[in-house]
Amino acid sequence: MGASTSTEQQKVSAEQREVENQAASTGALPMLRKAFSNLADPQTNAIPLKNLQQCFHITYKNSDFEAPNMPNSFPVLLDNLGSAIVDLFFVTQKEGVSWVEFVRGYNKCCGRMSASMSINTLLRVYATTVTKAGLPIKLEFDSDENGDCKICGSVSANDVVMLLWMCWTMWWDFRTWRISKERGKENPCLPDVSHIVLSAVVSCAEGGSGSNVWDCDVSGLEVEFPVGKFLTWAFKTVLSLPDCFTQFVHARLQYFLTPKDELASSSSSVRNMPSTKLCNSKLLTCGRAWAISLTLRSTMNEEILRLCFPSDGDGTDENLLYQSSLHGRGLNRFWSKIEGYKGPLLILVSASNGDSHEGSTDVKKWIIGSLTQNGFENRNMFYGSSGSLYAISPVFQVFSSTGKEKNFVYSHVHPTGKIYEPQRKPVGIAFGGTMGNERIFVDEDFAKVTVRHHATDKTYQPGSLFPDQGFLPVEALISEVEVWGLGGSAVKQVQSSYKKREELFTDQRRKVDLKTFASWDDSPEKMMMDMVSDPNAVRREDR
């Protein structure tokens with residue numbers, strides 16, 4: 001008996017060391033110890049099942065909507081999220097969840113894993129939550145002994161909408177905790193994700209589902225596609241989507257570092273979150289900004305997310321460097337606002353093409369964008385080290401660098417003086433392609449944008465920048481241009497210093513020192529008259 005007990009203790013001890021070492025590799029072990037001590041029952045030294053489910057429970061009411069319609073089943077889905085997470089990842093014993101199973105469950109949620117496994121984990125969470133909510137789903141999971149999970153079945157357009165909103169809500173909860181330190185105090189402004197849903201439908205469904213993407217209500221789409229194609233699309237387009245789940249789990253457990261009596265007083269009330277200025281007031285709405293952030297895994301990801309959820313009421317306007325409807329159209333107005341900004345920039349262009357006669361319904365409106373790394377420079381050739389092109393509306397797509405060429409950005413302004421140019425360079429802004437065959441070219445008046453087929457471009461990945469683009473160049477009328485700075489406050493301060501210095505130099509050049517012209521003998525007029533009267537006169541050169 002004693003030998004058996006000793007062997008069992010050694011086995012448990014080895015198992016505990018293994019899960020603790022895995023948690024320590026991510027730096028989460030101290031946080032997990034404190035959270036466990038606050039959640040666990042001192043008598044059983046285990047976390048009651050109800051406490052752990054409440055830890056991951058989300059309830060939001062009276063949410064703001066950027067999206068046109070929200071299914072009535074979505075609040076029911078959120079009500080079952082907490083219990084689904086616990087059932088999937090935390091093994092419950094008679095007394096509750098032990099320390100070893102608590103750490104093991106955290107490792108399954110937030111441990112280091114491949115991109116494919118992280119997306120599979122997110123889909124398992126969604127499928128389990130949907131099943132608990134009593135909603136239909138056509139996904140099946142087959143796990144092997146190594147922990148790998150094979151998924152089969154199909155995904156519907158409604159599944160994509162619900163999955164995206166669930167991830168957005170988890171991310172909003174995480175951001176709310178970071179800023180207010182009060183769980184459940186803010187309600188999310190659900191974004192319009194129709195452009196992301198249409199991206200999945202066009203990429204995964206056979207024949208692009210045959211829907212008219214120019215005027216499409218995604219809530220009414222009855223289309224399904226294989227989960228394998230959906231995973232391929234997710235790897236390419238929304239690679240950072242599983243981070244919403246891992247950050248949510250980590251933030252909720254961090255919240256429980258607070259003693260229980262303080263938790264009870266802070267988690268009871270719910271208030272509405274003030275709607276951000278990005279909601280439907282700019283080209284860069286919350287849904288569009290979030291979609292772009294899902295394509296990135298860098299510091300720019302955090303900067304774009306700050307546009308969705310500023311810490312104060314005026315936070316977004318500080319990042320808006322230029323807006324054509326506000327600051328005026330044209331390359332000169334544009335240049336006066338972005339000159340000196342040596343950081344990442346997001347440029348959005350809204351345009352329309354088709355029959356523009358009054359009363360015509362054949363006008364197609366779309367939005368494209370570009371993400372640059374180091375701002376704009378006045379050059380007569382292409383430059384840049386990296387970047388991405390975006391088809392934003394009506395269908396979202398990302399076109400990253402191919403690595404073949406480096407024609408990322410072209411920006412050329414009229415020279416201030418008369419300079420001889422044997423071959424005059426085009427004046428405007430361009431992205432990708434070659435000189436004269438740019439993939440995107442915006443003219444100097446910001447009146448028209450020309451979009452060419454990707455065959456002319458070896459810098460960015462191939463693909464259509466708007467639906468039904470075709471092979472011929474498309475010239476469209478520009479309705480709005482926006483430029484957002486993503487370099488943070490440090491880059492903005494450098495630009496402010498640059499502008500102040502330029503203003504100082506300009507003021508100095510405008511001022512004339514009258515003292516130098518006080519004497520007639522020293523004036524330029526006297527010198528010119530002497531030269532005209534006797535140009536051959538010998539004069540001593542002043543040195």
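Residues numbered from 1 in each chain as written. Predicted model: local features only at pLDDT ≥ 70, side-chain atom pairs only at ≥ 80, totals over all residues. Heavy atoms only, no water.

1. So, the overall build of the protein chain
A tally of regular secondary structure across the protein chain gives 19 helices and 15 strands. Residues classed as buried in the protein chain amount to 48% of the 543 residues present. Long-range pairs, those at least 24 residues apart, make up 70% of the contacts in the protein chain with a sequence separation of at least 6. Taken as a whole, the protein chain presents about 27600 Å² of accessible surface, with 49% of it coming from carbon and sulfur. (Helix = DSSP H or I, 4+ residues; strand = E, 2+ residues; numbered from the N terminus. Buried < 20%, exposed > 50% of the residue type's maximum accessible area, 1.4 Å probe, protein only. Contact = heavy atoms within 4.5 Å. Areas by Shrake-Rupley, 256 points an atom, 1.4 Å probe, with all protein chains shown as cover.)

2. Notes on the side chain of Asn-107
With respect to the helices, strands and loops of the structure, Asn-107 is situated in helix 6 (residues 99-110). For Asn-107, a relative accessible area of 6% gives the class buried. Separated by 3.1 Å, the side chain of Asn-107 and the backbone oxygen of Val-19 make a polar contact. Once residues lying within four places of it in the same chain are set aside, the contact partners of Asn-107 are Val-19, Gln-22, Ala-23 and Met-113. (Polar contact = N/O pair within 3.5 Å; in protein donor to acceptor, adjacent residues only side chain to side chain.)

3. Side note on helix 14 (residues 299-308)
Within helix 14, seven of the ten residues are buried, which leaves the element mostly enclosed by the surrounding structure. Within helix 14, burial applies to Met-300, Asn-301, Glu-303, Ile-304, Leu-305, Leu-307 and Cys-308.

4. Comments concerning the sheet that holds strand 5 (residues 224-226)
With antiparallel pairing, three strands are arranged side by side in an open sheet as 2-3-5. Each end of this open sheet is capped by a strand with a single partner; those strands are strand 2 (139-143) and strand 5. Sheet twist, expressed as the average angle between the axes of neighbouring strands with direction ignored, equals 15°. Looking at chain direction, strand 2 and strand 3 (residues 149-156) are connected through five bridges and run antiparallel. Looking at the pairing, Leu-139 lines up with Gly-153 of strand 3. Sheet contacts for helix 7 (residues 115-132): strand 2 and strand 3; angle to strand 2, the most-contacted strand, approximately 125°. (Pairing = 2+ DSSP bridges. Axes fitted to C-alpha atoms, helices over the stretch in contact; angles between N-to-C directions.)

5. Remarks on the pattern of salt bridges
Under the defined criterion, the tally for this structure stands at twelve salt bridges. Of the charged contacts in the structure, one is a salt bridge between Lys-138 and Glu-224, with a shortest N-O distance of 3.2 Å. Linking Lys-138 in the loop between helix 7 and strand 2 with Glu-224 in strand 5, this pair joins segments that are 86 residues apart in sequence. Residue Glu-224 is classed as partly exposed on the basis of its relative accessible area of 42%. The closest approach of N and O atoms between Arg-175 and Glu-302, which form a salt bridge, is 2.6 Å. Taken together, the positions of Arg-175 in helix 8 (residues 157-180) and Glu-302 in helix 14 put the pair 127 residues apart, joining distant regions of the chain. Its relative accessible area of 22% is what places Glu-302 among the partly exposed residues. Linked by salt bridges that have partners in common, Glu-15, Glu-101 and Arg-104 make up one network. (Salt bridge = Lys/Arg side-chain N within 4 Å of Asp/Glu carboxyl O.)

6. Some points on the packing of helix 6 against helix 11 (residues 243-255)
Orientation of helix 6 relative to helix 11, taken along the N-to-C sense of each, is 145°, at an axis distance of 9 Å. Contact residues: helix 6 offers Phe-102, Tyr-106, Cys-109 and Cys-110, while helix 11 offers Phe-245, Thr-246, Val-249, His-250 and Leu-253.

7. A look at the pairing of strand 7 (residues 345-353)
Across the nine residues that make up strand 7, a large majority, nine, are buried. Burial along strand 7 is two-sided: Leu-345, Ile-347, Val-349, Ala-351 and Asn-353 and Leu-346, Leu-348, Ser-350 and Ser-352, pointing in opposite directions, are all buried. In the sheet, strand 7 pairs with strand 8 (residues 364-372) via nine bridges, with the strands oriented antiparallel. Within strand 8, the residue paired with Ile-347 across the bridge is Ser-370. Inspection of the sheet shows strand 7 paired to strand 15 (residues 474-485) by eight bridges, in the antiparallel sense. Residue pairing across strands places Leu-346 opposite Trp-484, the latter belonging to strand 15.

8. Here we look at the confidence of the model for the protein chain
Residues at a pLDDT of 70 or more form 79% of the protein chain, whose mean pLDDT is 82. Here residues 261-277 scores under 50 on pLDDT; set against residues more than four positions off or in separate chains, the count is 34 contacts. (pLDDT = per-residue confidence, 0-100.)

9. A few points about the nonpolar core
Ranked by size, the top nonpolar core spans 112 residues in total, and within it Leu-32, Phe-56, Phe-102, Leu-253 and Trp-290 carry the most contacts. Ranked by the residues each element gives to this core, the list is headed by helix 8, at 14 residues. Per-domain counts for this core show at least three residues from each of domain 1 (14-258 + 286-294) and domain 2 (319-355 + 363-485). The contacts of Trp-290, once residues within four sequence positions are left out, are Leu-164, Cys-167, Trp-168, Val-193, Ile-196, Leu-241, Cys-244, Leu-305 and Cys-308. One finds Phe-334, Ile-338, Phe-431 and Phe-446 within the second-largest nonpolar core, a separate group that totals 38 residues. (Core = buried A, V, L, I, M, F, W, Y, C linked by side-chain atoms within 4.5 Å. Domains from an automatic or database assignment.)

10. Re empty space enclosed by the protein
This model, assessed by the stated rule, comprises five cavities of 30 Å³ or more. Counted as a void, the second largest cavity has a volume near 50 Å³. As for the second largest cavity, its lining consists of Ile-119, Leu-122, Leu-123, Leu-163, Phe-230, Ala-234, Val-238, Leu-241 and Pro-242. Elements with a contribution of two residues or more to the lining of the second largest cavity: helix 7 and helix 10 (227-237). Here the lining of the second largest cavity is composed, by residue class, of nine nonpolar, no polar and no charged. (1 Å grid on protein atoms, 1.4 Å probe; cavity = no way out; pocket = protein on both sides within 12 Å on 5 of 7 lines; lining within 4 Å. Points joined across faces, edges and corners; volume = space filled by probe spheres on them. Nonpolar A, V, L, I, M, F, W, Y, C, P; charged D, E, K, R; others polar.)

11. Considerations on unusual backbone geometry
In this structure, Pro-394 follows Ser-393 across a cis peptide bond, with omega equal to 10°. Within the secondary structure, Pro-394 sits in the loop between strand 9 (387-393) and strand 10 (397-399). Of note in this structure, Asn-45 is not a glycine but carries a positive phi near 55°. Note on placement: Asn-45 falls in the loop between helix 2 (29-39) and helix 3 (49-55).

12. Describing the packing of aromatic side chains
Per the stated rule, a full pass over the model turns up 23 aromatic pairs. Ring centres of Trp-168 and Trp-172 lie 5.7 Å apart, and the angle between their planes is 40°; on these two criteria the pair is classed as tilted. Of this pair, Trp-168 and Trp-172 both sit in helix 8, four residues apart, which is roughly one turn of that helix. Residue Trp-168 shares its accessibility class with Trp-172, and that shared class is buried. Both rings, one in Phe-408 and one in Tyr-460, keep their centres 5.7 Å apart while their planes meet at 85°; by these two values the pair is edge-to-face. Taken together, the positions of Phe-408 in the loop between strand 10 and strand 11 (410-412) and Tyr-460 in the loop between strand 14 (448-451) and strand 15 put the pair 52 residues apart, joining distant regions of the chain. When its relative accessible area of 2% is taken as the criterion, Phe-408 is described as buried. (Phe/Tyr/Trp six-rings, centres within 6.5 Å; stacked < 30°, edge-to-face > 60°.)

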